[in-house]
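# Chain and residue survey
Listed below are the residues making up each chain.
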Amino acid sequence: MNSRKEDTFTMKLRNLLWLPIAAMLLNSCALGKKVEPSVAQERALAATKANEEAEIDTQAITSKSEFSDTIKSYEGETVVTETITSKFESSFKAKGLHGDTPEFAATYKEMMEEKVDGVETYYVNHEEAFYLKDSWLFGDFSTTVRERGETETEENKGKVKIVPIDFKVVSVFDYLSGFSAGEYQFGAPNEEELAILFQVASEIEAKELFGKLTITYKLDVKSLVLIMLLAFGLDLDAMTEEEREAFDTELNTMVEEMSKVMSINKYQMTLGISKDGYVEKIRTDIDMVTNEYNEEVEPKVLVASEELKTFTESTMEINKKLTIKYPNIDDYPEAQPIIR
């Protein structure tokens, strides 16, 4: 057997040996170790608190989202279809937030389009990048808007020397919001929001793999009705047993009525808890349809329907070693100083 054939044989053998290990890892990722919902909830609450109390010196956040909303209006044989679609992705990296020479890089892209019966009525595309390094704030943005057949584009690029910023006192995201249109902040739910999710979820699934905990809160029509009632001040814990029985009967009636006009294919929030005990991932998925009927006629007539599909996902790492790549600052013209 010549050396080339031996090399090929060795590679094939190595790949075959890896197959059982890969299959085992894939199965482990799909299964994980189940964790009781109540235990997972306690860990989620602790992680949320850890996020809020963490002294963050380095931070890396990535986010992405897609949104689609289709509304159909019916008038006799006429159907008007309005659609709104959008998507965005962002990246934020910062280090030295507790030091004298903080740095960050923030990039953001967003597109939104509206159509009526397939014809575009409005479109906007925005891209931006901002950087802070050696007390220089520099960056660029481009925004294109198209409406009624007319297109306008606004662009700018520059750099400015700024006074030192203490991000222990001023939130870096508040600072960014002063000149950025992007969404960078990692929106972990607070303790109250987590408590509501635990209370109204139709199902809670929790799994742990290699020390990382994943919790999925699944919602249904009943969940949404409960959220609405809780927002209006409902306190289930304050109810007597008789009051709770009466409420459950009324709730079932409300859910039955709501189910006639709403269909939920998927509505859930997923939290990822790191081995260090922080919330490191958030994902929300929604796929639902609502209908509106004219009930003044018999049989009732469908007058409008709305189909909503969206997901948003964010991941975050804090106080980990990271590298930030910067463009050449000499390519940016100097602007007037920013006074804060």
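Read on for a plain summary of the structure. (Residues numbered from 1 in each chain as written. Predicted model: local features only at pLDDT ≥ 70, side-chain atom pairs only at ≥ 80, totals over all residues. Heavy atoms only, no water.)

## Digging into the pattern of salt bridges
Opposite charge on two side chains allows them to pair when their charged atoms are near. What the rule picks out here adds up to 13 salt bridges. For Glu307, the salt bridge goes to Lys309, with nearest N and O atoms at 3.7 Å. Owing to a relative accessible area of 34%, Glu307 belongs among the partly exposed residues under this scheme. A residue is classified by how much of its surface remains accessible, and Lys309, at 40% relative accessible area, is partly exposed. Among the charged side chains, a salt-bridge network with shared partners connects Lys33, Arg43 and Glu208. (Salt bridge = Lys/Arg side-chain N within 4 Å of Asp/Glu carboxyl O. Buried < 20%, exposed > 50% of the residue type's maximum accessible area, 1.4 Å probe, protein only.)

## Topic: the packing of aromatic side chains
Under the definition given, this model contains eleven aromatic pairs. When the centroid spacing of 5.0 Å and the interplanar angle of 65° are considered together, the rings of Phe130 and Phe179 count as edge-to-face. Of this pair, Phe130 sits in strand β5 (residues 119-133) while Phe179 sits in the loop between α3 (172-177) and α4 (191-200), and the two are 49 residues apart along the sequence. Taking the relative accessible area as the measure of exposure, Phe130 reaches 10% and is therefore buried. When its relative accessible area of 23% is taken as the criterion, Phe179 is described as partly exposed. With centroids separated by 5.3 Å and ring planes inclined at 70°, the aromatic side chains of Phe138 and Tyr332 adopt a geometry described as edge-to-face. A residue pair is termed long-range when its members are at least 10 positions apart, and Phe138 in strand β6 (residues 136-147) and Tyr332 in the segment after β12 (301-318) qualify at 194 residues. (Phe/Tyr/Trp six-rings, centres within 6.5 Å; stacked < 30°, edge-to-face > 60°. Helix = DSSP H or I, 4+ residues; strand = E, 2+ residues; numbered from the N terminus.)

## A few points about the nonpolar core
Residues Phe92, Phe104, Phe167, Ile215, Tyr217 and Leu271 are the most contacted members of the largest nonpolar core, which totals 57 residues. Of the residues forming this core, the biggest block, six residues, is contributed by helix α5 (residues 221-231). The contacts of Leu271, once residues within four sequence positions are left out, are Ala44, Pro189, Leu194, Leu213, Thr214, Ile215, Tyr217, Val279, Lys281 and Ile282. Ala105, Leu322, Ile324 and Tyr332 belong to the second-largest nonpolar core, a separate cluster that totals nine residues. (Core = buried A, V, L, I, M, F, W, Y, C linked by side-chain atoms within 4.5 Å. Contact = heavy atoms within 4.5 Å.)

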